[in-house]
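# Observations on the three-dimensional arrangement
One letter stands for each residue in the lines below.
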Amino acid sequence: HAHHPELKVDYSWDAKTKLAKISVKQEQKVDENIMLFHLKLPVAFKVDKKTILRSVEISKVREDYYFALPAVPEIVRVDPDLTLLAKITFAPPTTMLHAQLSNMEDVVGRLLSIERLAKKKDVDTVENLKKALNEDPFYGVRIAASKALREIATEPAFEALIKAKGQDDARVRRQVIGDVGSFYKDEALAFLKKVLAGEKNPSVRSAVI
C-alpha cells in the first residue's frame, strides 16, 4: 500500500535486570490509503567487542521490546545494514555516538554518528571529531568530520580544523579549506595565505583563493 514506515526508536538500559529496552513508534499518518506496517526491524548491540544481532516484529502504533544482554551495550544500531525502505529516527546517547565513531568495522555507523555529533558542542565531541578528521581510514568520514566541526563552530572546533591542514587526500584538504574559510576571523585569513604559499594541487589552491 501507499507510503513508507516512519519509525521513531528509543533505547534505555536497566542495569538491575540487564535488559535493553527498544521502543518503536510508527509515526506516519494513518488513513484509508496508508495502513500500519507489519515488518521486521533488525537491531544490533555491540557488547564487549561482540555484535549481537536481534530482530523485532513491528505491527502496532507503539511497541516495547526487551533484550537480555551480558552487559550494557557500547553501541546500539537500528537497521545497521540499511535493509528497510523507511525513515528511522534514532538518537543514541552521546557516549554511544562516540563509540560508534571509533568503530572501524562500520563505515555507515561512523557517518551517522558524525551527523548526530555535529549538533553538540562539548569538549569530548570536538576531540573525537578531531581524531576522526585526522585518523579515519575513509576519506568520506574525514570530510564529514570537517563539516561537523564547521557546524559546531566553537574555538576548539576552529583550532581542530586549522591543525588538519596536512591531509594527504586533496578532497579532504579542500573540504578543510572551505570550512576554515567559513570563520570570519584574522586567524582564518592568515591560515589560508599560508596554505596558498605551499599548496600544489590546483583544485585546493582555487578553494583557498
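Computed from a prediction, not measured in an experiment: that's the story for all the values here.

### Quick look at the overall build of the protein
- Regarding its fold elements, the protein presents 8 helices and 7 strands.
- In terms of overall dimensions, the protein has C-alpha extents of about 60 × 45 × 25 Å along its principal axes.
- Considering only contacts in the protein between residues 6 or more positions apart, those separated by 24 or more positions represent 61%.
- Working note: accessible area of the protein is about 11,800 Å², and carbon and sulfur atoms make up 54% of it.

### Let's talk about a nonpolar patch on the surface
- Judged by side-chain polarity, Val107, Leu111, Phe138 and Tyr139 come together as a nonpolar surface patch covering roughly 280 Å² of accessible area.
- Along the chain, leucine 111 turns up in helix 2 (residues 107-117).

### Section: the packing of aromatic side chains
- For the structure shown, the criterion picks out 3 aromatic pairs.
- Where phenylalanine 45 meets phenylalanine 67, the ring centres are 5.3 Å apart and the plane angle is 50 degrees; that geometry is what we call tilted. Placement of phenylalanine 45 in strand 3 (residues 39-47) and of phenylalanine 67 in strand 5 (residues 62-68) is noted, with a sequence separation of 22 residues between them. The burial state of phenylalanine 45 is the same as that of phenylalanine 67; both residues are buried.
- Ring plane angle 65 degrees and centroid distance 5.2 Å describe the contact between phenylalanine 138 and tyrosine 139, whose orientation is recorded as edge-to-face.
- When its relative accessible area of 32% is taken as the criterion, phenylalanine 138 is described as partly exposed.
- Stacked on the ring of tyrosine 139, the Lys or Arg arginine 171 has its end atom at 3.6 Å from the ring centre.
- It is lysine 185 that lies over the ring of phenylalanine 158; its NZ or CZ is 4.3 Å from the centre.

### With respect to the nonpolar core
- Core analysis: the biggest nonpolar cluster contains 33 residues, and Ile114, Leu129, Leu133, Leu149, Ile177, Val180 and Phe191 have the highest contact counts within it.
- For this core, the elements supplying multiple residues, two or more each, are helix 1 (94-101), helix 2, helix 3 (123-135), helix 4 (139-152), helix 5 (155-162), helix 6 (170-181), helix 7 (186-198) and helix 8 (202-208).
- In terms of residues, this core owes the most to one element, helix 4, which gives 7 residues.
- Each residue touching leucine 149, except ones within four places of it in the same chain, is listed here: Val126, Leu129, Lys130, Leu133, Ala157, Ala160, Leu161 and Phe183.
- Counting 22 residues, the second largest nonpolar core, distinct from the first, contains Ala20, Ile22, Leu41 and Val78.

### Some thoughts on the packing of helix 5 against helix 6
- Interaxial distance between helix 5 and helix 6 falls to 9 Å at its minimum, and their mutual angle equals 145 degrees. Viewed along their axes, helix 5 and helix 6 form a crossing whose handedness is left-handed. Packed against helix 5, whose contacting residues are Phe158, Leu161 and Ile162, the element helix 6 presents Val176, Asp179 and Val180 at the interface.
- Split into classes, the residues belonging to the contact of helix 5 with helix 6 amount to 5 nonpolar, no polar and 1 charged.

Here is what the cut-offs are and how they apply
- Residues numbered from 1 in each chain as written.
- Predicted model: local features only at pLDDT ≥ 70, side-chain atom pairs only at ≥ 80, totals over all residues.
- Heavy atoms only, no water.
- Helix = DSSP H or I, 4+ residues; strand = E, 2+ residues; numbered from the N terminus.
- Contact = heavy atoms within 4.5 Å.
- Areas by Shrake-Rupley, 256 points an atom, 1.4 Å probe, with all protein chains shown as cover.
- Patch = residues over 30% accessible without salt bridge, like charges linked within 9 Å, V, L, I, M, F, W, Y side chains within 5 Å.
- Salt bridge = Lys/Arg side-chain N within 4 Å of Asp/Glu carboxyl O.
- Phe/Tyr/Trp six-rings, centres within 6.5 Å; stacked < 30°, edge-to-face > 60°.
- Buried < 20%, exposed > 50% of the residue type's maximum accessible area, 1.4 Å probe, protein only.
- Lys NZ or Arg CZ within 6 Å of the ring centre and 35° of its normal.
- Core = buried A, V, L, I, M, F, W, Y, C linked by side-chain atoms within 4.5 Å.
- Axes fitted to C-alpha atoms, helices over the stretch in contact; angles between N-to-C directions.
- Left-handed = near helix turned anticlockwise from the far one by under 90°.
- Nonpolar A, V, L, I, M, F, W, Y, C, P; charged D, E, K, R; others polar.

These figures come from the coordinates and say nothing about function on their own.
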